[in-house]
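Given next are the chains, with one letter for each unit.
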Amino acid sequence: NAGVTQTPKFQVLKTGQSMTLQCAQDMNHEYMSWYRQDPGMGLRLIHYSVGAGITDQGEVPNGYNVSRSTTEDFPLRLLSAAPSQTSVYFCASRPSGGGRQPQHFGDGTRLSIL
Amino acid sequence: AQKITQTQPGMFVQEKEAVTLDCTYDTSDQSYGLFWYKQPSSGEMIFLIYQGSYDEQNATEGRYSLNFQKARKSANLVISASQLGDSAMYFCAMRAISSGSARQLTFGSGTQLTVLP
C-alpha cells in the first residue's frame, strides 16, 4: 500500500531558486492538500484541491503554486525560494463526502532554504 | 474561522499510567469533526481517533478515548496504560462538515508527550 507518496524527502535550496515538491496518491481520493509544519505552530494549510482541475488557497498560500491535472498528483511549486519557506511540508489526501474520513498524510519533505 | 488551542506544550507521564491531553476549539459551524494525530520522532502523521459533533457517545479506539464536552468546546485525548512508544507529538485538529469552508483540517500547536520508564 503506497498511500500518499512525497518526493523528495529532503532538499536544500538557495534563496531565489525554484523547485517542485511532488505528491502522488493511489487511493483515488478526490481531496488533496498541502500543509507546512513549523516549530510551535502545528500544521498550516497552504493550498488544497477538491478534484482534478480545481484548486484553492489555504491559510498561507503566498510564494506557492499548485495545479491538479490528475486525481493522483498534486505538486507544490516554490516560485522563488525564501528562507521563511524553510519548513517540513506534508501532502495529504482523503475521499470526498463523509466528514469522518481522516486525511492520509505522506511522510513529509524537509526543505531548507539557505 | 476555526481555532484549535492546545495549552500543554509538553507533558510527562509514567509508563502504565493514564494521561489526558487537552484540546479546546472554537468554531461557528454546527457540524464538525475533531481528529487527533500522533507524530513520532520519525515525522509521519498517524491518525488516532475521530469525534463528530453530533456523535452521542465519546469515541474510543483501543487505548485512546476522547473526552468530548461540546458545551465547553473541548475534546481531550485520554491515553490509558501509557507505553514508551506513546512518546510523540500529539495534534488536535478539526474540520467543518456542513459549511462551505475549505473542509480541510485546522491544527493546534501540539503537545509533546514523554513517557517515562
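Everything below is about the structure shown above.
The rules behind each value
Residues numbered from 1 in each chain as written. Chains lettered and ligands numbered in written order. Predicted model: local features only at pLDDT ≥ 70, side-chain atom pairs only at ≥ 80, totals over all residues. Heavy atoms only, no water. Salt bridge = Lys/Arg side-chain N within 4 Å of Asp/Glu carboxyl O. Buried < 20%, exposed > 50% of the residue type's maximum accessible area, 1.4 Å probe, protein only. Helix = DSSP H or I, 4+ residues; strand = E, 2+ residues; numbered from the N terminus. Contact = heavy atoms within 4.5 Å. Buried area = accessible area lost by both parts, 1.4 Å probe. Polar contact = N/O pair within 3.5 Å; in protein donor to acceptor, adjacent residues only side chain to side chain. Nonpolar A, V, L, I, M, F, W, Y, C, P; charged D, E, K, R; others polar.

Visitor: Could you clarify how one ought to interpret the pattern of salt bridges in this entry?
Guide: Proximity of charged atoms lets side chains of opposite charge pair with each other. Overall, the coordinates contain five salt bridges over all chains when judged by the stated rule. The residue Asp38(A) makes a salt bridge to Arg36(A) at a minimum N-O spacing of 2.9 Å. Like Arg36(A), Asp38(A) is buried. Notably, a salt bridge pairs Asp55(B) with Arg100(A), separated by 2.4 Å at the nearest N-O pair. Here Asp55(B) is found in the loop between strand 6 (46-52) and strand 7 (60-61), whereas its partner Arg100(A) is found in the loop between strand 9 (87-94) and strand 10 (104-105) on a different chain. Given the relative accessible area of 46%, Arg100(A) is considered partly exposed. Each of Arg36(A), Asp38(A) and Arg44(A) takes part in salt bridges that share partners, so that together they form one network.

Visitor: How should the interface of chain A and chain B be read in this particular structure?
Guide: When the parts come together, some accessible area is lost, and that loss is often what is quoted as the size of the interface. Counting residues at the interface gives 20 residues for chain A and 19 residues for chain B. Of the roughly 1,700 Å² buried where chain A meets chain B, counting both sides, 53% is carbon and sulfur surface. Applying the counting criterion to the chain A and chain B interface returns one salt bridge. If you look at where chain A meets chain B, you find seven residue pairs in polar contact (both at pLDDT 80 or more). Those elements that place two or more of their residues in the side of chain A that touches chain B are strand 4 (31-37), strand 5 (43-51) and strand 9 of chain A. Ranked by the residues each element gives to the side of chain A that touches chain B, the list is headed by strand 4 of chain A, at four residues. Looking at the side of chain A that touches chain B residue by residue, the class counts come to nine nonpolar, eight polar and three charged.

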